[in-house]
Amino acid sequence: MLKRSIAVILLVVMVGGLLIACEPEKEPISQAEAVNIVMKAMDVEQSDNPSIHVHQGVQAGKDVFNVYITVGNVSKTYVVAVNGGDILAIFDGAGHSH
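None of the values given here were measured: they were computed from a predicted structure. (Residues numbered from 1 in each chain as written. Predicted model: local features only at pLDDT ≥ 70, side-chain atom pairs only at ≥ 80, totals over all residues. Heavy atoms only, no water.)

Caption draft 1: Main features of the pairing of strand E3 (residues 74–81). With 8 bridges joining them, strand E2 (residues 62–71) and E3 adopt antiparallel strand pairing. From the neighbouring strand, Val 64 faces E3, where its bridge partner is Ala 81. Linking E2 to E3, which pair antiparallel, is a turn of 2 residues; within it Gly 72 sits at a positive phi near 65 degrees. In the sheet, E3 pairs with strand E4 (residues 87–92) via 5 bridges, with the strands oriented antiparallel. (Pairing = 2+ DSSP bridges. Helix = DSSP H or I, 4+ residues; strand = E, 2+ residues; numbered from the N terminus.)

Caption draft 2: The pairing of E2, seen in detail. A large share of E2 lies buried, amounting to 7 of its 10 residues. The hairpin turn running from strand E1 (residues 51–59) into E2, its antiparallel successor, is 2 residues long, and Ala 60 in that turn takes a positive phi close to 50 degrees. (Buried < 20%, exposed > 50% of the residue type's maximum accessible area, 1.4 Å probe, protein only.)

Caption draft 3: Main features of the confidence of the model for the chain. Per-chain confidence: the chain averages 85 in pLDDT, with 86% of residues scoring 70 or above. Per-element confidence in the chain ranges from a low mean pLDDT of 74 for helix H1 (residues 2–21) to a high of 95 for helix H2 (residues 31–42). (pLDDT = per-residue confidence, 0-100.)

Caption draft 4: Layout of the pattern of salt bridges. Inspection of the entire model under this criterion finds 1 salt bridge. The residue Asp 92 makes a salt bridge to Lys 76 at a minimum N-O spacing of 2.6 Å. Of this pair, Asp 92 sits in strand E4 while Lys 76 sits in strand E3, and the two are 16 residues apart along the sequence. Residue classification places Asp 92 among the exposed residues on the basis of a relative accessible area of 65%. (Salt bridge = Lys/Arg side-chain N within 4 Å of Asp/Glu carboxyl O.)

Caption draft 5: Spatial organisation of H2. Between its terminal C-alpha atoms H2 stretches 17 Å, which fits the 16 Å expected from 12 residues at 1.5 Å a residue. Residues Ala 34, Val 35, Val 38, Met 39 and Met 42 constitute the buried set of H2. Here the buried residues of H2 occupy an arc of 135 degrees about the axis, which is enough to place them on one side. Against the buried residues of H2 lie E1, E2 and E3. (Expected span 1.5 Å × (residues − 1). Arc of directions from axis to C-beta. Contact = heavy atoms within 4.5 Å.)

Caption draft 6: A nonpolar patch on the surface, seen in detail. Where nonpolar side chains cluster on the molecular surface, the patch consists of Leu 2, Ile 6 and Leu 10 and spans about 310 Å² of accessible area. The topology assignment puts Leu 10 in helix H1. (Patch = residues over 30% accessible without salt bridge, like charges linked within 9 Å, V, L, I, M, F, W, Y side chains within 5 Å. Areas by Shrake-Rupley, 256 points an atom, 1.4 Å probe, with all protein chains shown as cover.)

Caption draft 7: Just the environment of Thr 77, in detail. Looking at the element boundaries, Thr 77 is found in strand E3. Judged by relative accessible area, Thr 77 falls into the buried class, the value being 7%.

Here it is in structure tokens:
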């Protein structure tokens, strides 16, 4: 009886773990949507004349947009997830060159 109870508990824990790990894939966004997300996060409008540059890349195994934005004397780099548009990181300074 004890072995059966332990087996049932382990089965429930394993199935629960699998269900938690099965997070649905978020929809991909475009570069334009990534720029809009960053502008909204910085509370910037087109009339502020921002300088924006975008590169697609991979960070921590996730596809991302690296959005480099300068408004006046403020430069930041935003890392935005391609799937879902979550902001994963923000860095001060552009840190970008060609």
